[in-house]
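Remarks on the overall topology
The residues making up each chain are set out below.
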Amino acid sequence: MKKSLIALAALATVGAAQAQTATVYGRIDQGYRFSEQTTGGGAITETANINGGGWTSSRLGVNLSEDLGGGLRAFATWESNLTVIDTSTSPSATAASSLGTIRQAFAGVQGKFGRLSIGNQYLPEYFQGITHLAGSVNGGLGYAASDLSTTTYSGGMRRGELTQSNNIQYVLPKFGDTTVTVVYGSSSLKSTGSSGGAFTTDTTAKLMGISGNYTAGKLNATLSYSQLDRENLVGTAPSTTVVSAASQCAASNQTSTQLHDGTNPIANAFACVTAATPAADTKQKNITASGIYDFGPAKAFAFYADRELSGTSVVDFTTYNVGVQVPMGKIVPFAMIGEGKQKNSTGAQVSKPEFYQVAATYNVSKRTLAYGYFNKIKDKAITSVTNIVTGE
């Protein structure tokens, strides 16, 4: 076995004499949840349990930072999902606490030139789907999405849904009240069979994105665009089978030829050749626009996302929602309402979910938040879900 490697990388380390700051942070979210699901046929399923992630995902992370001098600063972040004890299946469940999938792992440098980072990191539209919603994107809509047994609700109702990836991000120096972020990522995989020869796998993926944030006075608005292209250069190889009749080889990508014994045709024997199948490429485009305006007594929120896909049966998702928060000291009540649409490759609408959420949070202390919310998602084509959640 031999292996060759060419790499350009950023490395951040922490040591007694090197790092100026090393901050450990984390969140644990546990609460009680009641859910009622009603299908189009009238069947009802009710679920009540103690569960995690009702407001935000539990996590554990480390931020590193070092002053390099000359106006430069190196930084790094590692963040992992944190699985805490979950009694969603039974009050006696004893699931062990553990680290889960990596949320972020990146390093970079910043200075007067801007901010450059490389690694597994969130995309700008992810933060739009968190900070520019009046309510809870995680539990309020996330629970309902899982109850409806379809991942398209999360993408169609929450955001453009390219949340994170291995990429390079460059945040340009601030221009007036505007900050621009450029994202690029690329990967490729080529491999042959065990005996070598031609490539049997040849896949390339490219991610490009740009985002602009405008913050001035009471307005905070963001517009972002991202595109992910996956190109599969190797498809299915041609194949040949023997059939007893030409009619058994009638597909549009098949041709039949009667077999011969050298001189005469052989009865009921045809060679059926299936042509090579072109590789399926996919492309995803996302546009996300969102903003907050602070009126003083209340904050208004607006969010819109459009996701277009090729190479899949459902090719277009759009969603919008508007909401309001009314801070009242430590208590912050809020409400939001919205709608999503899904279309297939023919342009026909296959789903139109509608949702709303009302809730309130209470700041127990600087680091502790109590919350409670009620939300409902309804889609006449599928089902409806109602959630009541409280937690801390």
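Our subject is the structure listed above.
1. Thoughts on unusual backbone geometry
Most peptide bonds take the trans form, and the phi angle of most residues other than glycine is negative. A positive phi angle is found at Asn268, which is not glycine, with a value near 55°. Within the secondary structure layout, Asn268 lies in strand β14 (residues 265-274). With relative accessibility at 58%, the residue Asn268 sits in the exposed group.

2. Concerning the pattern of salt bridges
Under the definition given, this model contains two salt bridges. Note that Arg59 and Glu79 form a salt bridge whose closest N and O atoms lie 3.8 Å from each other. In this pair, Arg59 sits in strand β4 (residues 59-69) while Glu79 sits in strand β5 (residues 72-83), placing the two residues 20 residues apart along the sequence. The pair formed by Arg59 and Glu79 is uniform in burial state, with each residue classed as buried. Across the pair Glu79 and Arg103 runs a salt bridge, and its minimum N-O distance is 2.8 Å. Residue Glu79 is found in strand β5, and its partner Arg103 is found in strand β6 (residues 98-111); the two are separated by 24 residues along the sequence. Owing to a relative accessible area of 4%, Glu79 belongs among the buried residues under this scheme. Where salt bridges share partners, they join Arg59, Glu79 and Arg103 into one cluster.

3. Quick look at the packing of aromatic side chains
With the rule as written, the count across this model stands at 10 aromatic pairs. Ring centres of Trp55 and Phe334 lie 5.6 Å apart, and the angle between their planes is 55°; on these two criteria the pair is classed as tilted. On the criterion of sequence distance, the pair formed by Trp55 in the loop between β3 (44-52) and β4 and Phe334 in strand β18 (residues 331-344) is long-range, its members being 279 residues apart. The pair Trp55 / Phe334 is uniform in exposure class, with both members buried. Relative to Tyr371, the ring of Trp55 has its centre 5.4 Å away and its plane inclined at 35°; by these criteria the two rings are tilted. Within this pair, whereas Trp55 is found in the loop between β3 and β4, its partner Tyr371 is found in strand β21 (residues 369-378), the two being separated by 316 residues in sequence. With a relative accessible area of 19%, Trp55 lands in the buried category. Owing to a relative accessible area of 5%, Tyr371 belongs among the buried residues under this scheme. What links up through ring pairs into an aromatic cluster is the set Trp55, Phe334, Tyr371 and Tyr373.

4. Observations concerning the pairing of β21
Pairing analysis gives 10 bridges linking strand β20 (residues 354-363) to β21, with the strands arranged antiparallel. Bridging across to β21, Glu354 finds its partner in Lys378. Following β20, the chain reverses through five residues before pairing antiparallel with β21.

5. So, a nonpolar patch on the surface
There is a patch of nonpolar side chains on the surface, built from Leu68, Leu72, Phe113, Leu116, Ile118, Ile168, Tyr184 and Met208 and spanning about 640 Å² of accessible area. Tracing the backbone shows Met208 in strand β10 (residues 196-216).

Definitions and limits used
Residues numbered from 1 in each chain as written. Predicted model: local features only at pLDDT ≥ 70, side-chain atom pairs only at ≥ 80, totals over all residues. Heavy atoms only, no water. Helix = DSSP H or I, 4+ residues; strand = E, 2+ residues; numbered from the N terminus. Buried < 20%, exposed > 50% of the residue type's maximum accessible area, 1.4 Å probe, protein only. Salt bridge = Lys/Arg side-chain N within 4 Å of Asp/Glu carboxyl O. Phe/Tyr/Trp six-rings, centres within 6.5 Å; stacked < 30°, edge-to-face > 60°. Pairing = 2+ DSSP bridges. Patch = residues over 30% accessible without salt bridge, like charges linked within 9 Å, V, L, I, M, F, W, Y side chains within 5 Å. Areas by Shrake-Rupley, 256 points an atom, 1.4 Å probe, with all protein chains shown as cover.

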